[in-house]
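# Summary of structural features
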Amino acid sequence: MTITDVSRCTMEVIEVEEFLRNPPPGFTVEAGYRFVKSDPENCCVFIDDFELSRGGKVVFQHSQGKKITVRNLGDYTRFRKNLTSKKIYILVSACESKPSSTDKKAPKNRRVLQQYVVSIDGRNPLIKWEIERGLDRTISSVAGESYRVDIDLCDALRGWAGESFCLLGNREKVTPVWKDTCFTLKYYSDALFDFPHWLGFSKRHFKISYHGR
């Protein structure tokens, strides 16, 4: 499968240059690919400002960034509703499988092969169920404390790529290491002595699965 093949069901993966040249419904691109507008009524964008490989900064308007902070139940409820009622967009990187250094535990040293905008449909019943289950389990495990939870698309990307993934312009099959596949919710409670959070015990993580084409 090449990067131009797109899932018709729950997930789309688009090479970033192709995304900027031909933005999908809900997006418009201005100023020579430098400024991207999105429809906040239908799109949840979690993409930080980034540099293109050929140079130039890209900014997504209405993006919440990859780390979202909420401080009360109302903010949390709105965030949760947005995730399960809109399409979710993040920017990920496909990296070479072997690190460029001898330290195998250092994914930051892996060379980036290509970047992609990934979209999943939070309205899809299976995706919605996974998001709600992951958030519910997080809340029940931290008992009103501050916490952070990483929502990870790595497994979904691996399932999408399968065994026949080819980079754009490269006929050779590769098995990339996917990087930057999470976006993070940070919740800060009003607890005066929030020791578990201060000590790093309130970190949670759940993954979104791939549900086929």
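Refer to the structure above for everything that follows.
Reference entry: report on the structure contained in this document. If you're wondering where the values come from, they're calculated on a predicted model, not measured in any experiment. (Residues numbered from 1 in each chain as written. Predicted model: local features only at pLDDT ≥ 70, side-chain atom pairs only at ≥ 80, totals over all residues. Heavy atoms only, no water.)

## A look at the pattern of salt bridges
In this structure the tally under the stated criterion is nine salt bridges. Taking the shortest distance from any N to any O, the salt bridge between E12 and K87 comes out at 3.3 Å. Taken together, the residues E12 in strand β1 (residues 11-15) and K87 in strand β8 (residues 87-95) connect sequence positions 75 residues apart. Among the salt bridges present, the one from R78 reaches D75, with a minimum N-O distance of 2.6 Å. Taken as a pair, R78 and D75 lie in helix α2 (residues 73-83) at a separation of three residues, close to a single helical turn. Note on R78: relative accessible area 51%, which makes it exposed. (Salt bridge = Lys/Arg side-chain N within 4 Å of Asp/Glu carboxyl O. Helix = DSSP H or I, 4+ residues; strand = E, 2+ residues; numbered from the N terminus. Buried < 20%, exposed > 50% of the residue type's maximum accessible area, 1.4 Å probe, protein only.)

## Some words on α2
If you check which residues of α2 are buried, you get Y76, F79, R80 and L83. The buried residues of α2 occupy one face: seen down the axis, they fall within an arc of 95°. Among the exposed residues of α2, those pointing more than 90 degrees away from its buried face are R78 and K81. Of the residues flanking the start of α2, the one acting as N-cap is N72, its side-chain oxygen 3.1 Å from the backbone nitrogen of G74. (Arc of directions from axis to C-beta. Polar contact = N/O pair within 3.5 Å; in protein donor to acceptor, adjacent residues only side chain to side chain.)

This is a description of form; function is not addressed.
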